[in-house]
Amino acid sequence: MNQFGAIWANHPAKIVNNWRSIVDEDDIVIVAGDLTWATKFDSITSDLNLISSLPGQQKVLIRGNHDYWWKKHKKILKSLPNRIKTLCGDAIKIQNQIFCGTRGWISPNDPFSDPLDNKTFQKELKQLEMALNAATLLQTNYEPIHVALHFPPFTTAGKETRFFDLLCRFKIETCTYGHFHMKEEWEKIPKGRINGINFILSSTDYLSHKPVLIWEQNQ
Ligand SMILES: [Fe+2]
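Residues numbered from 1 in each chain as written. Predicted model: local features only at pLDDT ≥ 70, side-chain atom pairs only at ≥ 80, totals over all residues. Heavy atoms only, no water.

Trainee: Got a minute to help me understand the overall build of the chain in this structure?
Mentor: A count of helical and extended segments in the chain gives six helices and nine strands. Whereas a compact globule of 219 residues would reach a radius of gyration of roughly 17 Å, the chain reaches 16 Å, a difference of no more than 12%. Along the first, second and third principal axes, the C-alpha atoms of the chain reach 45 × 35 × 35 Å. Here the chain holds 219 residues, and the buried ones make up 50% of them. (Helix = DSSP H or I, 4+ residues; strand = E, 2+ residues; numbered from the N terminus. Rg over C-alpha atoms; globule rule 2.2 N^0.38 Å. Buried < 20%, exposed > 50% of the residue type's maximum accessible area, 1.4 Å probe, protein only.)

Trainee: Please clarify how the pairing of strand β9 (residues 197-201) should be interpreted in this entry.
Mentor: Successive side chains on a regular strand alternate, one facing one side of the sheet and the next facing the other. For β9, the tally of buried residues reaches five of five residues, placing the bulk of the element in the interior. Here β9 shows a buried face lined by Ile 197, Phe 199 and Leu 201 and a second buried face lined by Asn 198 and Ile 200. Across four bridges, strand β7 (residues 174-177) lies against β9 in parallel orientation. Along β9, the bridge assignment pairs Thr 174 with Asn 198. Connecting the antiparallel pair strand β8 (residues 192-194) and β9 is a turn made up of two residues, with Asn 195 showing a positive phi of about 50°. (Pairing = 2+ DSSP bridges.)

Trainee: Where do I start with the sheet that holds strand β1 (residues 28-31) in this structure?
Mentor: Through backbone hydrogen bonds, the strands of a sheet pair up, either in parallel or in antiparallel fashion. What the three strands build is an open sheet, ordered β1-β2-β3; its pairing is parallel. The strands lining the two open edges of the sheet, one partner per strand, are β1 and β3 (84-86). Geometrically, the sheet is characterised by an average inter-axis angle of 25° between neighbouring strands, direction not taken into account. Here four bridges tie β1 to strand β2 (residues 58-61), and the two strands are oriented parallel to one another. Bridged to Val 31 within β2 is Leu 61. (Axes fitted to C-alpha atoms, helices over the stretch in contact; angles between N-to-C directions.)

Trainee: So what exactly am I meant to see when it comes to the pairing of strand β6 (residues 145-149) here?
Mentor: Where burial is concerned, most of β6 is hidden: five out of the five residues are buried. Side chains Ile 145, Val 147 and Leu 149 project from β6 onto one buried face, and the interleaved His 146 and Ala 148 project onto a second face that is buried too. The pairing of strand β5 (residues 97-102) with β6 spans five bridges and is parallel. In the strand pairing of β6, Phe 99 is matched with His 146.

Any functional reading would require information beyond the geometric quantities listed.
Set out below in structure tokens:
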């Protein structure tokens with residue numbers, strides 16, 4: 001990743017060191033996609049084992065556009081180490097919180113969108129709807145729902161996408177996403193509470209490789 005700027009120099013060590021100093025054993029950690037450039041699931045065993053070993057009772061992973069190792073979700077589910085969960089258009093409850101998510105995709109109203117992106121965009125939109133419905137079904141006592149997307153529900157110019165519209169139809173607490181690595185994108189993208197949802201940009205370079213707190217009990 002060094003070719004993308006000084007911020008990426010030695011980034012795995014920075015992430016691990018910051019994770020160890022910031023995250024508590026009781027925390028649940030969302031990793032919002034683009035974990036590795038690896039192409040085969042078998043070659044990321046050490047990465048997954050490392051994440052499993054880091055503080056945090058559970059780590060919730062979703063797929064990014066560079067996670068080529070993430071091909072068949074059902075197969076991945078059978079081979080995950082302890083304390084790692086993956087989401088792909090579905091939802092899980094961990095203690096008193098609900099997590100749902102999917103990869104997302106570049107929106108047709110994004111200046112960089114190509115007509116060839118439309119099919120994947122529509123599929124991912126459906127996946128998000130499935131995930132949100134599954135999350136709502138898991139709710140029994142107003143548990144907070146956290147959504148993880150890799151592609152933000154905003155365009156590179158900061159405009160809302162149909163993912164944003166869909167999120168606003170549900171009673172969710174937070175939406176965490178990554179994918180954006182350009183300063184201009186960071187400046188334009190909306191962040192913080194909008195329509196009752198806390199939107200969090202979690203690209204590791206944007207966060208200087210430090211995990212960010214997105215929600216805490218009794219807040
Ligand atoms: Fe990405």
